[in-house]
Amino acid sequence: MTRQHLTRFKDQFTEWQNEFGLKEYTVSFKTKKFKDRFAEIEVNAEGCIATVWVNESEKWNNRLIDTVAKHECIHLLLGRFAELASSRYVNEDELSAEEERVVCVLEKVL
């Protein structure tokens, strides 16, 4: 991954982050070697912090960068929902409210 590729990835991710209204998150980007994935994201929804790990050994092109950046940002959109779903103590109202939030975001974007 070149510096230009990483810059494009960050820019594309940030565009989707803004489009999804996820400005409360502080996102950092790092590179890492993966054998079986383009990227991954770690989301701390409670702290509104995320780290995106991008595969440094992939042969990137602009189309792939744009697709993967959007894909990882969708994971950010669902981060709070995933955190709730994995919580030992969650009630149906919390899950329903989060589902509705995601639906409203997608309704505006799609």
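Presented here is a report on the structure given in the accompanying data block.

About the thresholds
- Numbers given to residues run from 1 along each chain, matching the order in which its sequence is written.
- A pLDDT threshold of at least 70 governs which residues receive local features in this predicted model, and a stricter bar of 80 or more applies before side-chain atom pairs are shown or counted, although totals over entire chains, interfaces and linings include all residues.
- Working from all heavy atoms in the structure, the side-chain values ignore hydrogens and water.
- Each nonpolar core is a collection of buried residues, namely Ala, Val, Leu, Ile, Met, Phe, Trp, Tyr and Cys, held together in the definition by side-chain atoms within 4.5 Å.
- Between buried and exposed lies partly exposed: a residue is buried under 20% and exposed over 50% of the maximum accessible area for its type, with that area taken using a 1.4 Å probe on protein chains only.
- Here a strand is any run of E in DSSP of at least two residues, a helix any run of H or I of at least four, and the numbering for each starts at the N terminus.
- By definition, residues are in contact when any of their heavy atoms lie within 4.5 Å.
- Pairing of aromatic rings covers Phe, Tyr and Trp, the last through its six-membered ring, and needs centres within 6.5 Å; plane angles under 30 degrees mean stacked, over 60 mean edge-to-face, and all others mean tilted.
- Here the rule is simple: two strands pair whenever DSSP picks up at least two bridges between them.
- Here an axis means a line fitted to C-alpha atoms, over the contact stretch when the element is a helix, while the angle between two N-to-C directions is reported on a 0 to 180 degree scale.

## A short note on the nonpolar core
Step number 1: Core analysis: the biggest nonpolar cluster contains 25 residues, and Phe9, Phe13, Tyr25, Val27, Phe29, Val52 and Leu76 have the highest contact counts within it.
Step number 2: Among the secondary structure elements, those contributing two or more residues to this core are α1 (3-19), β1 (26-32), β2 (39-44), β3 (49-55), α2 (62-77) and α4 (92-109).
Step number 3: In this structure, Phe29 is in contact with Leu6, Phe9, Lys10, Phe13 and Val52, ignoring residues within four places of it in sequence.

## Brief notes about the packing of aromatic side chains
Two aromatic rings are characterised by how far apart their centres lie and by the angle between their planes.
Step number 1: Taken as a whole, this structure holds 5 aromatic pairs when the rule is applied.
Step number 2: Ring centres 5.4 Å apart and planes at 40° place the aromatic pair Trp16 and Phe20 in the tilted group.
Step number 3: By relative accessible area, Trp16 is classed as partly exposed at 22%.
Step number 4: Given a relative accessible area of 5%, Phe20 falls into the buried group.
Step number 5: With a centroid separation of 6.0 Å and 55° between ring planes, the pair formed by Phe38 and Trp60 is classed as tilted. In this pair, Phe38 sits in the loop between β1 and β2 while Trp60 sits in the loop between β3 and α2, placing the two residues 22 residues apart along the sequence.

## Quick notes on the pairing of β2
Step number 1: Relative to β3, β2 is paired through 6 bridges, and the arrangement is antiparallel. Bridge pairing in β3 places Glu42 opposite Thr51.
Step number 2: Counting the residues that bridge the hairpin from β2 to β3 gives 4 residues, and of these Cys48 lies at a positive phi of roughly 55°.

## Brief notes about the sheet that holds β1
Step number 1: Here we have 3 strands laid out as an open sheet, ordered β1-β3-β2, and mixed in their pairing. Looking along the sheet, the strands with just one partner apiece sit at the ends: β1 and β2. Recorded for the sheet is a direction-independent mean angle of 15° between the axes of neighbouring strands.
Step number 2: Summarising the sheet, β1 and β3 pair through 7 bridges and their orientation is parallel. Within β3, the position partnered with Thr31 by the bridge is Val54.
Step number 3: Running over the sheet, α1 touches β1, β2 and β3 and is turned about 150° from β1.

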